[in-house]
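The primary structure of each chain is shown beneath.
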Amino acid sequence: MGSVKKITEKLKTLPRILALVVAAGFTTGVAAGEWHPEAVIGGKLRALVYVPTSEPKLAGKRALMVSLHGCRQTNQEFKIGANWQTQADKYGMVVVLPQSSSEGPGGGAGCWHFHIGMKAKRSSSDAKYLLDLVSTMLADPSLNLDPAQVYLTGLSSGGGMSNLLGCLAPDIFAGIGANAGPGLGYDRKPASLIEPNIPAARVAENCQLLAGPHKSYFSTQLYSAIAGSADVRVSPNWTRINVGALVAVYNTNTTLKNCAINSLAGSGKLTTWCDMQGPRASKIIVDGMGHMWPAGA
């Protein structure tokens, strides 16, 4: 979030058309600084919402962070262990933790329905449900949300869904964060999770094809991916491929350069790509970390 300001200022100069049907209004009904009891938002997904007590950081409007759990997890577990409340208070942003619909391959394990890849549509399954959720929350004036500050993150299956929606709806999501998430082109074969069989150039092509008429929004979108070097469930090579793909996508609108390679205060490496306005993409590989969310319990 620390690198968002300049990018968000650029976003606010662009016309933003939310081509979504707004479902019934959502009102938190609880005091700031508390988690809203789980409720259906947007017509399909159950979700937990946290509204901070702190002031928003940009333009007097709150950012919205949508964060997606992994397979065999719940949003309740993410609420307890992912450390989002601390970050929400720090940045004055609203956090929403939806529960997957359990549709599609892996649905029985609570996975997000991202495996359909290039067959994904904004009008069906989890892609539609998440876009409806965002639209409903943006329509609630009590939340004071800025449509130019909507972000999507996720772990594992949630990271795969984040990668998919970041390409499918760049006009909605100003920034994407993928933690140990497969990329566009994942063929649902378990072996492909361990040994990705698709080059970054193909992932970049898939991403632009999915964006269709919304490709111009890649000119300001942010992307960050993180993985553990010891992840034996989803290879950290997926993170390398995904970052390479998004840097290539963003390079069609502007020129990105590798602007920093830093060792992290623990064990790991951060690589950052910048345009003339500042950081646009980053990759973090944490030494020795397995398949996990590296920001909480």
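Preceding block: the structure.
For the structure given in this document, a descriptive report is provided here. (Residues numbered from 1 in each chain as written. Predicted model: local features only at pLDDT ≥ 70, side-chain atom pairs only at ≥ 80, totals over all residues. Heavy atoms only, no water.)

**So, the pairing of strand E6 (residues 175-179)**
Right, so step 1: Most of E6 sits inside the fold, with five of its five residues counted as buried.
Right, so step 2: Here E6 shows a buried face lined by Gly175, Gly177 and Asn179 and a second buried face lined by Ile176 and Ala178.
Right, so step 3: The sheet contact formed by strand E5 (residues 145-155) and E6 spans five bridges and is parallel. Each bridged residue has a counterpart across the sheet, and for Leu155 the counterpart in E6 is Asn179.
Right, so step 4: Each parallel crossover has a hand, and the one from E5 via helix H5 (residues 157-168) to E6 is right-handed. (Buried < 20%, exposed > 50% of the residue type's maximum accessible area, 1.4 Å probe, protein only. Helix = DSSP H or I, 4+ residues; strand = E, 2+ residues; numbered from the N terminus. Pairing = 2+ DSSP bridges. Right-handed = clockwise from strand over helix to strand, strands pointing away.)

**Concerning the sheet that holds strand E3 (residues 62-68)**
Right, so step 1: Read from one edge to the other, the open sheet built from 10 strands follows the order E1-E2-E4-E3-E5-E6-E7-E10-E9-E8, with strand pairing classed as mixed. What marks the edges here is a single partner per strand, and that holds for strand E1 (34-41) and strand E8 (257-263). Recorded for the sheet is a direction-independent mean angle of 20° between the axes of neighbouring strands.
Right, so step 2: For strand E9 (residues 268-275) and strand E10 (residues 278-286), the ladder comprises eight bridges, and the chain directions are antiparallel. Within E10, the residue paired with Thr272 across the bridge is Ser282. (Axes fitted to C-alpha atoms, helices over the stretch in contact; angles between N-to-C directions.)

**A look at the packing of aromatic side chains**
Right, so step 1: On inspection of all chains with the given rule, the structure shows six aromatic pairs.
Right, so step 2: Aromatic side chains Trp84 and Trp293 sit 6.1 Å apart centroid to centroid with 55° between the ring planes, which places their arrangement in the tilted category. Residue Trp84 is found in helix H3 (residues 84-91), and its partner Trp293 is found in the segment after E10; the two are separated by 209 residues along the sequence. The pair formed by Trp84 and Trp293 is uniform in burial state, with each residue classed as buried. (Phe/Tyr/Trp six-rings, centres within 6.5 Å; stacked < 30°, edge-to-face > 60°.)

**Focus on the nonpolar core**
The nonpolar side chains of a soluble globular protein tend to be buried, and buried together.
Right, so step 1: Counting 59 residues, the largest nonpolar core has Leu64, Val134, Met137, Met161, Leu165 and Phe173 as its most contacted members.
Right, so step 2: Each residue touching Val134, except ones within four places of it in the same chain, is listed here: Leu64, Val66, Val150, Ile172 and Phe173.
Right, so step 3: If you look at the next biggest cluster of nonpolar residues, it comprises 19 residues, including Leu48, Tyr91, Tyr151 and Leu222. (Core = buried A, V, L, I, M, F, W, Y, C linked by side-chain atoms within 4.5 Å. Contact = heavy atoms within 4.5 Å.)

**With respect to the state of the cysteines**
Right, so step 1: Counted according to the given criterion, the structure contains three disulfides.
Right, so step 2: Residue pairing for Cys167: its cysteine sulfur links by disulfide to Cys207, the two sulfurs lying 2.0 Å apart. For the disulfide bridge between Cys167 and Cys207, the dihedral angle about the S-S bond is near -100°, and by the sign convention the bridge is left-handed. Within this pair, whereas Cys167 is found in helix H5, its partner Cys207 is found in helix H7 (residues 200-211), the two being separated by 40 residues in sequence. (Disulfide = S-S within 2.5 Å.)

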